[in-house]
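The chain contents come next:
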Amino acid sequence: MQTAPPSSSQALRRADRLGFAASFLCAVHCALLPLALALLPALGLGAGGWIDFDQGFVVFATLLGLTTLTLGYRRHRGFRAWLLLVPGLALVWAGAFTPLHDHGLAHAAIMTAGGLLLAAAHLVNLRLTHASNRPPAA
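Below is a short write-up of the structure. Values in this document were obtained by computation on a predicted structure and should not be read as measured data. (Residues numbered from 1 in each chain as written. Predicted model: local features only at pLDDT ≥ 70, side-chain atom pairs only at ≥ 80, totals over all residues. Heavy atoms only, no water.)

## Concerning the side chain of Asn125
And then number 1: Tracing the backbone shows Asn125 in helix H4 (residues 105–131).
And then number 2: The class for Asn125 is buried, based on a relative accessible area of 0%.
And then number 3: Among the polar contacts listed, one links the side chain of Asn125 to the side chain of His76, at a separation of 2.8 Å.
And then number 4: Ignoring any residue separated from it by four or fewer positions in sequence, one finds Asn125 in contact with Leu12, Asp16, Thr68, Leu69, Gly72, Tyr73, His76 and Ala81. (Helix = DSSP H or I, 4+ residues; strand = E, 2+ residues; numbered from the N terminus. Buried < 20%, exposed > 50% of the residue type's maximum accessible area, 1.4 Å probe, protein only. Polar contact = N/O pair within 3.5 Å; in protein donor to acceptor, adjacent residues only side chain to side chain. Contact = heavy atoms within 4.5 Å.)

Written out as structure tokens, the structure is:
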């Protein structure tokens, strides 16, 4: 027995849930990174090249956020999620691609705030999409 492929509405909900979870985990990661970096030498470990993982994540979060919020807007026509996404993206881009990318306290604060805004944007988009029963605009 063959199952039907997920509808675009289900795919959008899944993408928003992924965006919410990933953004929230990013915020937790950024909040805890200074502590982890401080503990590494005590454990006999070095930071290595894995620190710049956040730059790749920022690019992924940008693409996922822009895609899911664009698709969500086509369904619900609400801008509230964009009011969270845009400043969140500005913060994470500033934290990842400017001199703030030194993994200090300012970097952790900016990336944490940006990650929380991105998570909130996905959550708002998910709720707006769920509340809307209109089909996507052509």
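## Here we look at the packing of helix H2 (residues 53–76) against H4
And then number 1: Relative to each other, H2 and H4 sit at 25 degrees, their axes nearing to 10 Å. Here H2 lies roughly parallel to H4, going by the angle between them. The hand of the H2/H4 crossing is left-handed. Listed contacts from H4 to Asp54, Val58, Ala61, Leu64, Gly65, Thr68, Leu69, Gly72, Tyr73, Arg75 and His76 of H2 are His107, Met111, Leu118, Ala121, His122, Asn125, Leu128 and Thr129.
And then number 2: Taken together, the residues of the contact of H2 with H4 break down into nine nonpolar, eight polar and two charged. (Axes fitted to C-alpha atoms, helices over the stretch in contact; angles between N-to-C directions. Parallel < 35°, antiparallel > 145°, perpendicular 65-115°, else oblique. Left-handed = near helix turned anticlockwise from the far one by under 90°. Nonpolar A, V, L, I, M, F, W, Y, C, P; charged D, E, K, R; others polar.)

## Description of empty space enclosed by the protein
And then number 1: This structure, assessed with the given rule, holds one cavity of 30 Å³ or more.
And then number 2: A volume near 30 Å³ is recorded for the largest cavity.
And then number 3: Forming the boundary of the largest cavity are Gly19, Ala22, Ser23, Phe57, Phe60, Ala61, Leu64 and His122.
And then number 4: Among the secondary structure elements, those contributing two or more residues to the lining of the largest cavity are helix H1 (8–39) and H2.
And then number 5: The element best represented in the lining of the largest cavity is H2, accounting for four residues.
And then number 6: Residues that form the lining of the largest cavity fall into these classes: five nonpolar, three polar and no charged. (1 Å grid on protein atoms, 1.4 Å probe; cavity = no way out; pocket = protein on both sides within 12 Å on 5 of 7 lines; lining within 4 Å. Points joined across faces, edges and corners; volume = space filled by probe spheres on them.)

## Some words on unusual backbone geometry
And then number 1: For Arg77, which is not glycine, the phi dihedral falls at a positive 60 degrees.
And then number 2: Within the secondary structure layout, Arg77 lies in the loop between H2 and helix H3 (80–97).
And then number 3: For Arg77, a relative accessible area of 38% corresponds to the partly exposed category.

Functional significance is not addressed by these values, which are geometric in nature.
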